[in-house]
Amino acid sequence: MDLWLTNVQLETSYLKEGDWSYGTKTENTAIGINDGKIAEIVPMIEWQASSEATIIDGGNQLLLPGLIEKHCHLDKSKLGTPWRPVTPAASLVERFETEIPQLDALPLSIKERGQALINLELPHGAVMFRSHIDIEPMTQLRYFDAITELVAEQPFGSELVLFPQHGLLRSNAASLIEEALATGKASFIGGVDPYTLDQDYQASLRTTFELAQKGHVGIDLHLHDRQEAGRATVKEMIRLTKEFNMQGNVAISHAFGLNDFEGTERKEVFQALADLEIHIISSIPISPGTIPPLKELQSYGVAVHIGCDNVYDSWSSLGDGSLQEKLAHYLEIFAVKSQEDLTQALGLVTDGKVPLDKNGAQQWPKVGDSADFLLTPATCTAEFVARKGFVSKSFYQGTVVFTA
């Protein structure tokens, strides 16, 4: 055994008064970790010390799955540089065409600013980062190279999304995407509003899927378009996911247009998203009518995730790098209150991992799981979620990522 994490509390069931749950039962446990995975789960009363393994005392704290940042931009943050509010822009195109000169003029490097964003997120429990990285003629692979170097130096996990923000066809970025794919360092191809930016959403999406299949990566597309543009793009992504057999490897970030489906078509589209395992990733915008119907999507079985997205960049002056805060906004917007529902809500920031299911059966951790978790003095998952609990330590594949 490489490591024993001792004296940690694992939730085993709900505490109840009649049908009402008000907390959870826990068991004091030791977790054995080998080669980055959970190798043993032993009640502390049965655990025996090993002279060969490193031992970390969990201090009787609760063990929860590590949080996963599903949507950030490590190359865009202005953190660490002097304060400036968002510069006015008359359109989306003007925004992204002025963004890169602004970023390149900053006194800190891409890596320094990216590290500042990482440092902001780690205290809130993040152990994995999915970052979109601008790739288009204005940047070539400069941003991609800087961020691949940055994440290679980190103890946490990462997934990099090749992001032709200026339009895949509009900016003729396909050859740069292929060049980046050839490095083997990317996990996804992204893009932005192909209906609006590229003017030919079908050709744009087909090219994206062809590149993804050729490069053996997934797709994570930014889709802000509403009404017909948004609906047409979602339906085409559903069709292409089937055609290219990419079930489980496609995500739609933002997906504001899901609000615009109605009646029978709404049911058919939401069920298709679930059946094809197309993931929906939201930064929980609070402007009216913008946030997708996340609870309704989950009722169909759609995998839903939360990410921070913009944190002090050219698009927003806001953002504190806290997935916990984003999750709290979700709880407020969708009126999540019960012990069971608060517990399940943790799955929005853990790739669906939660200690207990709605019936109180233990779901996590299990032998063979990656050793990705955090320690908190919270008494239960629901308290951690509702109260934005303190994170004292976090681990990725058994390696300490953060210590308070």
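Residues numbered from 1 in each chain as written. Predicted model: local features only at pLDDT ≥ 70, side-chain atom pairs only at ≥ 80, totals over all residues. Heavy atoms only, no water.

- The name an unreviewed UniProt entry assigns to the chain is Amidohydrolase family protein, from the organism Enterococcus entomosocium.

### Considering helix α1 (residues 92–104)
Thinking step 1. End to end, α1 covers 19 Å across 13 residues, agreeing with the expected 18 Å (1.5 Å per residue, within 8%).
Thinking step 2. Buried positions along α1 lie against α2 (110–121), β6 (126–134), α3 (142–152) and α5 (194–197). (Helix = DSSP H or I, 4+ residues; strand = E, 2+ residues; numbered from the N terminus. Expected span 1.5 Å × (residues − 1). Contact = heavy atoms within 4.5 Å.)

### Comments concerning the pattern of salt bridges
Thinking step 1. Inspection of the entire model under this criterion finds 20 salt bridges.
Thinking step 2. E178 serves as the salt-bridge partner of K214, at 2.7 Å between the closest nitrogen and oxygen. Within this pair, whereas K214 is found in helix α6 (residues 201–215), its partner E178 is found in helix α4 (residues 174–181), the two being separated by 36 residues in sequence.
Thinking step 3. Owing to a relative accessible area of 60%, K214 belongs among the exposed residues under this scheme.
Thinking step 4. As a salt-bridge pair, E243 and R206 come within 2.8 Å of each other at their nearest N and O atoms. On the criterion of sequence distance, the pair formed by E243 in helix α7 (residues 227–243) and R206 in helix α6 is long-range, its members being 37 residues apart.
Thinking step 5. On the accessibility criterion, E243 (39% relative accessible area) is partly exposed.
Thinking step 6. Of the residues examined, R206 reaches a relative accessible area of 27% and is grouped as partly exposed.
Thinking step 7. When salt bridges with common partners are traced through the structure, they connect R206, E236, R239 and E243 into a single cluster. (Salt bridge = Lys/Arg side-chain N within 4 Å of Asp/Glu carboxyl O. Buried < 20%, exposed > 50% of the residue type's maximum accessible area, 1.4 Å probe, protein only.)

### Things to note about the nonpolar core
Thinking step 1. Grouped together as the largest cluster of nonpolar side chains are 98 residues, with contacts concentrated most on I252, L258, L273, I280, L294, L297 and Y330.
Thinking step 2. A per-element tally of this core places α3 first, with six residues.
Thinking step 3. Once you skip the residues sitting within four places of it in the chain, L294 turns out to touch I280, S282, I284, V304, Y330 and F334.
Thinking step 4. Listed in part, the 14 residues of the second largest apolar core include V8, I38, I56 and W364. (Core = buried A, V, L, I, M, F, W, Y, C linked by side-chain atoms within 4.5 Å.)

### Some details on the UniProt feature "domain: Amidohydrolase" (unreviewed entry) in the chain
Thinking step 1. Mapped onto this numbering, the UniProt entry gives "domain: Amidohydrolase" (unreviewed entry) at residues 190–401.
Thinking step 2. Helix makes up 37% of residues 190–401 and strand 14%, whereas the separation of the span's terminal C-alpha atoms amounts to 27 Å. (UniProt positions renumbered as here; feature names shortened; annotations may be inferred.)

### Quick notes on the sheet that holds strand β10 (residues 250–254)
Thinking step 1. Pairing within the open sheet is parallel, and its eight strands lie in the order β5-β6-β7-β8-β9-β10-β11-β12. The strands lining the two open edges of the sheet, one partner per strand, are β5 (67–72) and β12 (304–306).
Thinking step 2. Of the strands in this sheet, β9 (218–223) and β10 are in contact with α7, which crosses β9 at around 175°. (Pairing = 2+ DSSP bridges. Axes fitted to C-alpha atoms, helices over the stretch in contact; angles between N-to-C directions.)

### Considering the packing of aromatic side chains
Thinking step 1. In the structure shown here, the tally under the stated rule is nine aromatic pairs.
Thinking step 2. Measuring from centroid to centroid gives 5.6 Å for W83 and Y312, while their planes differ by 15°, and the two rings are stacked. Taken together, the residues span a long stretch of sequence, with W83 in the loop between β5 and α1 and Y312 in the loop between β12 and α10 (323–333) at a distance of 229 residues.
Thinking step 3. Between the aromatic rings of Y195 and Y201, the centroid separation amounts to 5.1 Å while the plane-to-plane angle is 25°, which identifies the pairing as stacked.
Thinking step 4. Look at Y195 and you get partly exposed, because its relative accessible area is 30%.
Thinking step 5. Geometry around F188 places R130 over its ring, the cationic atom sitting 3.9 Å from the centre. (Phe/Tyr/Trp six-rings, centres within 6.5 Å; stacked < 30°, edge-to-face > 60°. Lys NZ or Arg CZ within 6 Å of the ring centre and 35° of its normal.)

### A short note on the pairing of strand β7 (residues 157–163)
Successive residues of a regular strand alternate their side chains across the two faces of the sheet.
Thinking step 1. The element β7 is extensively covered by neighbouring structure, given that five of its seven residues are classed as buried.
Thinking step 2. As defined by bridge partners, β6 adjoins β7 across seven bridges and the pair is classed as parallel. From the neighbouring strand, M128 faces β7, where its bridge partner is G157.
Thinking step 3. Taken together, β6, α3 and β7 form a β-α-β motif whose crossover is right-handed.
Thinking step 4. Across two bridges, the pairing between β7 and strand β8 (residues 188–189) is parallel. Bridge assignment links V161 to a residue of β8, and that residue is F188.
Thinking step 5. Each parallel crossover has a hand, and for β7 linked through α4 to β8 it is right-handed. (Right-handed = clockwise from strand over helix to strand, strands pointing away.)

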